[in-house]
Amino acid sequence: MAMNVAIDGPAGAGKSTIAKAIAAKMGYVYVDTGAMYRAMALYFLRAGIASNDEEKISSVVDDISVSIKYEDGAQHVILNGEDVTGLIRTEEVGNMASASSVYAPVRSKLVALQQELAKTTDVIMDGRDIGTVVLPNADVKIFLTASVECRAKRRFDELVAKGMEADFDKIAKDIEERDYRDSHREISPLKQAEDAILVDSSDMTIDEVVNTIIGYCNK
Ligand code: DC
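All figures in this text were calculated on a predicted structure; none of them were measured in a lab.

Examining the sheet that holds strand β8 (residues 197–200)
Moving on, step 1. Strand order in the open sheet made by the five strands is β2-β6-β1-β7-β8, with parallel pairing throughout. Every interior strand has two partners, whereas the edge strands, β2 (29–32) and β8, have only one. Mean inter-strand twist for the sheet, computed between neighbouring axes without regard to direction, equals 20°.
Moving on, step 2. Looking at chain direction, strand β7 (residues 140–145) and β8 are connected through four bridges and run parallel. Paired with T145 across the two strands is D200, which belongs to β8.
Moving on, step 3. Of the strands in this sheet, β1 (4–8), β2 and β6 (123–127) are in contact with helix α5 (residues 104–120), which crosses β6 at around 160°.
Moving on, step 4. Strand contacts of helix α9 (residues 206–218): β1, β7 and β8, with the helix running at about 160° to β7, the strand carrying the most contacts.

Okay, structure coming up:
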């Protein structure tokens, strides 16, 4: 049986940083499910489809192929044969991913892919619905969160460090909007699974969070 670790939580809680570090230490494969929703979102944006056009979005889902591959341990997302890993980290793509992931055909396609990956491989998978829907029988489930201020500050610092423009209030507002949409959608909303362990990283260092979760994995 493959070892499955699920990490869910809101945008900016540090899920990917933490999950990557744990994967490296424990020898698991890190699966970033948000990147899959982002790849689909990029397709919708390129096709000029509005984020609320459910009919159009649903009608093109079958034209889209998303897969992932690993190069030197890093996940690459492939959209219809094109490696789009470097193109999906923008706010525009993130917002489209949040908006388009409310639709059932989008979700069922990606959930199937995620479940297939976890069947045969030791994975640490991060997302919004991993512990609740994708891997309800995961060996360890973590709900990783942090205050809105703290998440906005981390995002702000990240952008500033990259020499990019950043507006703290706008970042905080975007985070709040995304939290609301992700946790209030009808299908698979972001929520803590009943058997998930809550970890609030607001006042913790990355190492502290990583070691706390590894402690649960080793139990
Ligand atoms: O984690 P992220 O910011 O890369 O995710 C982008 C969006 O994709 C997120 O706002 C909601 C959606 N998503 C989802 O619905 N389910 C997942 N398992 C992962 C992401």
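Observations regarding unusual backbone geometry
Moving on, step 1. Even without glycine at this site, D72 takes up a positive phi of about 50°.
Moving on, step 2. Relative to the elements of secondary structure, D72 occurs in the loop between β3 (66–71) and β4 (74–79).
Moving on, step 3. Overall, D72 belongs to the exposed group, its relative accessible area being 87%.
Moving on, step 4. The residue S188 is not glycine, and still its phi comes out positive at about 45°.
Moving on, step 5. Topologically, S188 is positioned in the loop between α8 (168–184) and β8.
Moving on, step 6. Judged by relative accessible area, S188 falls into the buried class, the value being 14%.

Quick notes on the packing of helix α4 (residues 91–100) against α8
Geometrically, a packed helix pair is captured by the angle between its two axes and the distance between the axes.
Moving on, step 1. Axis separation between α4 and α8 bottoms out at 10 Å; the angle between their running directions is 20°. For the element pair α4 / α8, the angle class is roughly parallel. By crossing handedness, the relation of α4 to α8 is classed as left-handed. Seen from α4, the contacting residues are E91, G94, N95, S98 and A99; seen from α8, they are D174, R178, R181 and D182.
Moving on, step 2. For the contact of α4 with α8, the per-class residue count stands at one nonpolar, three polar and five charged.

Cut-offs applied
Residues numbered from 1 in each chain as written. Predicted model: local features only at pLDDT ≥ 70, side-chain atom pairs only at ≥ 80, totals over all residues. Heavy atoms only, no water. Pairing = 2+ DSSP bridges. Helix = DSSP H or I, 4+ residues; strand = E, 2+ residues; numbered from the N terminus. Axes fitted to C-alpha atoms, helices over the stretch in contact; angles between N-to-C directions. Contact = heavy atoms within 4.5 Å. Buried < 20%, exposed > 50% of the residue type's maximum accessible area, 1.4 Å probe, protein only. Parallel < 35°, antiparallel > 145°, perpendicular 65-115°, else oblique. Left-handed = near helix turned anticlockwise from the far one by under 90°. Nonpolar A, V, L, I, M, F, W, Y, C, P; charged D, E, K, R; others polar.

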